[in-house]
Each structure stands twice: as C-alpha cells, then as structure tokens.
Amino acid sequence: MFVAGGLKSLLPHVLRRVIRCNRLSISNTSGMAEGYKQANVVILHKSLADDFEKFCRANAGPLPLLYRSKPGDWKCPSLSSDSDIRTDCLQYRIYEHGACTGTLKSLKEYSEQLKDMVTFYLGCSFSFEKAVQNAGIPLRNVEQKCNVSMYKTAVPCYSISTFCCNLVVTMRPIPESKLEAAAVATSELKEVHGAPIHMGDPGLLGIQDLSKPDYGDPVHLHPGDIPVFWACGVTGVEAVINCRAPLAFTHSPGCMFITDLKNDNVAVRSSREVPQVHCISQDPLHYSIVSAEAAQKIKNLETLIGIDPGDRGIIHLRRQDELLKACLSMSHARSVLVTTGFPTHFTYEPPEENDGPPGALAIAAILQALEKEVAIVTDQRAMNLNKKIIEEAVQLGILKRPVPLLSYQGESADSALTFLCENGNPGRPRFDHLVAIERAGMAADGNYYNARKVNIKHLVDPIDELFLAAQTIPGVATTGVGDGGNELGMGKVKDAVKKHIKNGDVIACDVEADFTIVAGVSNWGGYAIACALYILSTCEVHDRYLRKAVGFPRISKKMGWLSALPSVTKEEKLLQTLVRHGVRSGKTASLEMEVDGLPFYNTHSVMIEKLL
C-alpha cells in the first residue's frame, strides 16, 4: 500500500496506475504529482453535452475546460497517454435526478451506460499549489495534511439552459504579507482557475462559517492569515445536481484526475498586467485586485489633479493612493450617495459656488453608465436649484437619466441611520459608498466656515451626520473630495490643514472620510474619480475579480462608459447652465486663468482625456 509521503514526485502515469489498482491510503490528491495539472471530472449524457460545454465557456473561472471527450470515449489523449476515466480517479460520485446516490471506486460496472455519455475534464486548483509554494507562500491544507476547504457561495453563475447554480470556491489561508504574491503566482494559470476571486471576509460571498465547508475539510487559519478564495471546479457538481439529469457521474471533491500536462506552459506576461492587491475596507475586511498598468494610470491622475493653482499648500494634505483605493471601493459598490454644495457666497442668492456640482454630476454620469444606483443629497434650500441643474444635465446628454435628489434634516438622534438603512437596520444599508465633493464640512466647534473664516452654518444642512453614521455601518465606505481642508471628509487630514492652510485652525473640517482625495480644484477630483472608474472597468484583471470569474468580460460596454466621461464640451455647457441659474465662481483657479491659451479649469479635462 502506498502512503502520501512519496507521491509528490511520482509521475502522473505512475500515479494513475497506482490509483487504478486501488493501492492508495489517502483521501485526496492535493500535493500529488507536483507541477502537473489535475482535473475535475463531470460525465453527462451526450444530449446534455453541448449545453454543458456552453456553460463551461460562460463560466471559465470555475470551469476551465481542458478536454471534452466523444461519447463513450474513456481516454483523453491530449491530457494523458494511457488513461481510463472509469478507473483513474480516487473516488467517484453517482447522481440520479440531482441526488447523490453513492460513491464508487470504479465506474466499470456502468460501462454500458458510459457509451452514451461524454466526459468533461476541468482545471483544478490543486494544479497551482506548487507554483504558490515556489512563491514562498505556505499552504495550510498541505501543512495540516487535509483536503482543501470548499464552499457554496451566493454568487450566481451565468446560466445556460438547464445548467444553473451558484459558484463554489476553494479557500486557502494566506498570510496578509503574501496576498499579492498569491495573486501573481496564480493569475496566469487560467486553465487551473487563475487568480483569486475574493480576499477577505467570507460573508461577502455569502459564506457564514469557515469551520463548516460544504465539501472537503476545515482548514485552520494561523494568526495574520487572510481567507483567500479561488473559483472551484466543484461548481460543475452543483450544476449537475441542479440540472437533475437521470444519470451523471463526477469525481468526489478532492479526488482529481491527474494529467500529464505541466503547469510551466504559461505565456510570458507583461509587467503591466501583473496584479496588485489593495485593502479597501477593514469592516468587513475586503481586498481588491487591479493590474499594475491600471493602478499606475490612476496614480498619474492623482498627481495631475494635485496641482495647486492657488498656492494654498494643499500638497501637505495629499495622501498617496487615496484616489485608487476610493475608486476600487466604489467599483465594488452597488449604490452610491453623492453630496455637494458649498454656499461660500453667503450674501448672494443662490449662495453656491460652481465648484462641486460639475464634479458631482461627472461622478453620477459614470456610475449610471456602470449600471450602479446613484442618488444626490443636498440642502433643502437648494433642492429646486439642483433639480433644474439635473434636468438640464439630462437634456445636454451629461446624464443618461435624472438622478434622484434627496435632502436630509437630521431631526432626531437616529435620523442618519434611518436615512442610510432600511428601517434603520445597519445590516441593510441603502448605500454602499458615500461621496462628498466640495461640500461644506463641520469644524471642531460645530460650525461651518468658508475659507475666509465666515460662519455659514445657517446655510448648511447636517449632512455630515450621514458620514459619521456610516462609520458605524459595516460595509459602507466614505470618500471626501476637497481643495482647502474645510470640506466634508477632510477630517482625515485636519492636522495638516491646521498647520499648513490659511485659517486652518478655525476652518478645518473635523469629520473624517475613509478616503480623502485632495485636488487643486474639487471638480478635478470628480473628473478624476469618473476617469478612474472607467480605467478600472476596462481593466481585465479588475473586471474578472469584480464578476468573480463567472459570466463574460464587460469590455463590450466600453463605448457606453467612454461616452459618459467628462469632457471640455460637457463642462462648458454645464458651467453655462450654472451661470444662468446665478451660480458664481468660487475660486481664482476657474475659467479666468489660462494655461497655454486654454482655460486652466478645462485644461485638466483635456489632460485627463489624453491620459485615458
């Protein structure tokens, strides 16, 4: 009888022969034939084969198709030289009308039925374990000598005919310092599931208890480990169950078919496509993935908008990669609430300035194009003005449709929670992300100040309360965009505001946002957010992570996203609209200043467009 210790270095054809003779005392094939591809197995009646292949093509992350046999063909010549699918898996499962009716060591007794059945060989994550170890990353399931943990998720696969099911994932605990290395090590191994589809809190996938896997064994996390999830071929088993075929066979989870194919036939990857990992939330813990190229473009945007035309010292407020992290968080969001409005012209009617609304509408436009829910909350006294601006933005083609316009008065202690969550329940938030752009922010003394230290509290509704309440709601992130330190969300950099910004000791906003985007003009920050969201949406690495490697890439929608981006023409029309409604410029760095013969304000729209 063979034992596990000597199986790592055995060649695949030897292992298959040993398995065929039923001479192994192990329960799974993890760690066997290191460096060679292993495969999940699904065997269906030939009448279902074409639809199942389409299902695999539509969900290539969990179901990377290595080979499809002809009916009654027990061999797979492109994967192995001398195999017999009836005998070469450690264990099989038999399914009848969607129910598992038993496990088998061999399928030979079903040889007659198998003549009308087709075998699908699908990539398996056991295949990439050697690559992960070569990157210096420990594999806890190997250390603990157990099968990998597998879980059903709440993520639906793309359905084809009778094949529909939710995604199944494997989980491997990875030290936090090794997360990016794990993504890099597996990202190009697409035939064996590729890069992770989730890093962080399992609850975000609908997994309630890591100690109770649906398949495999519990794998224990070490201190400092993060649960990392890969798409899993056992998704095919779930599809078989749900299609309720009269007769079907699969491998038993963890008991894979071992091929003769090595994992070293990976195309050389451009350094621009290397995945980067960024933490976007601590509660719940959540990491996102983006390509190095896309990340660098967004960093360039952040540098671009950081120019300080008024020489006010905003360079001291900037925090690196805040634009990238904020937009990664927004990219994952389902519903976004935007707020703007700074009544700096307190002796005029309306008192608003024209910095803020254009940036807010640029954000709303790209969110609409990305098919996210978006709403705007503003001061009650400014509702009619904003309603007219939104209506004209739709007429001008800046927005696809009107954005819901809300107001918040803060009438009681639980008003903010009631506004943000269904029935005030923090477990059911209406919005995943709040964005404030050029919105008056509350100072430490409870007042609101313009840059000249004038208290404008009587013109400002307490929308800050929404940002404070969001800090208590798991899964709700906040972003503040500003250019002077007195804007909502700038509390994150208030010490720098007090030290480096004129009147900062009085005007500094005291309310923090999770992400703080500092720009020379706040509208530039809004334009940069719109462009960064476009960059992320067209990044294949990020798109795959967002859709959990199921369904098809969304790049076909690129032209619609592109048309939603800000442009000089759009902003000129919108600024003219604001002027017609009496909104004044609030900054010297607006349309009056020119750079190379172009308005400085609009020059940045041109530069952002060129960068894209």
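Since this is a predicted model, take the numbers as computed values, not measurements. (Residues numbered from 1 in each chain as written. Predicted model: local features only at pLDDT ≥ 70, side-chain atom pairs only at ≥ 80, totals over all residues. Heavy atoms only, no water.)

K.L.:
Please provide a residue-by-residue account of unusual backbone geometry, values included.
P.N.:
The residue after Asp-283, namely Pro-284, is reached through a cis peptide bond having omega 0°. Here Pro-284 is to be found in the loop between strand 13 (275–282) and strand 14 (285–291). Geometrically, the link from Glu-349 to Pro-350 is a cis peptide bond, its omega value of 0° lying close to zero. Here Pro-350 lies in the loop between strand 15 (335–341) and helix 10 (357–369). Here the phi dihedral of Asn-503 falls at roughly 65°; this positive angle occurs in a residue that is not glycine. Its place among the elements puts Asn-503 in the loop between helix 14 (494–500) and helix 15 (504–507). (Helix = DSSP H or I, 4+ residues; strand = E, 2+ residues; numbered from the N terminus.)

K.L.:
Describe the pairing of strand 15, naming the residues involved and giving the relevant values.
P.N.:
The element strand 15 is largely enclosed, with a buried count of 7 among its 7 residues. Side chains Ser-335, Leu-337, Thr-339 and Gly-341 project from strand 15 onto one buried face, and the interleaved Val-336, Val-338 and Thr-340 project onto a second face that is buried too. The pairing of strand 15 with strand 16 (residues 373–378) spans 5 bridges and is parallel. From the neighbouring strand, Val-336 faces strand 16, where its bridge partner is Val-374. Sheet topology note: the strand 15/strand 18 (residues 433–439) ladder contains 6 bridges and is parallel. Across the sheet, residue Leu-337 finds its bridge partner in strand 18, namely Leu-434. (Buried < 20%, exposed > 50% of the residue type's maximum accessible area, 1.4 Å probe, protein only. Pairing = 2+ DSSP bridges.)

K.L.:
Summarise the nonpolar core; cite the residues concerned and give the values.
P.N.:
Across soluble globular proteins, nonpolar side chains have a tendency to be buried as a group. In this structure, Leu-323, Val-338, Leu-361, Ile-366, Leu-399, Ile-529 and Leu-533 are the most contacted members of the largest nonpolar core, which totals 64 residues. Residue contributions to this core peak at 11 residues, all from helix 16 (residues 522–537). Val-338 has contacts with Ala-360, Ile-363, Val-374, Ala-375, Ile-376, Val-377, Val-435 and Ile-437, leaving out every residue within four places of it along the chain. Grouped together as the second largest cluster of nonpolar side chains are 46 residues, Leu-48, Val-240, Ala-245 and Met-256 included. (Core = buried A, V, L, I, M, F, W, Y, C linked by side-chain atoms within 4.5 Å. Contact = heavy atoms within 4.5 Å.)

K.L.:
Let's hear about the domain arrangement of the protein: which residues, and what values?
P.N.:
Splitting the protein by domain gives domain 1 (12–125 + 238–262), domain 2 (132–155 + 174–229) and domain 3 (275–611). The C-alpha centroid of domain 3 is placed 35 Å from the C-alpha centroid of domain 2. On the domain 3 side, the residues contacting the 19 residues of domain 2 number 13 residues. In total, about 1400 Å² of surface goes out of reach between domain 2 and domain 3, with carbon and sulfur atoms giving 66% of it. Seen at the junction of domain 2 and domain 3, the total is 0 salt bridges. Listed by contribution, the elements that provide at least two residues to the side of domain 2 that touches domain 3 are helix 6 (179–187) and strand 8 (198–200). Here the element with the most residues in the side of domain 2 that touches domain 3 is helix 6; it accounts for 5 residues. Among the residues forming the side of domain 2 that touches domain 3, the class breakdown is 11 nonpolar, 5 polar and 3 charged. (Domains from an automatic or database assignment. Buried area = accessible area lost by both parts, 1.4 Å probe. Salt bridge = Lys/Arg side-chain N within 4 Å of Asp/Glu carboxyl O. Nonpolar A, V, L, I, M, F, W, Y, C, P; charged D, E, K, R; others polar.)

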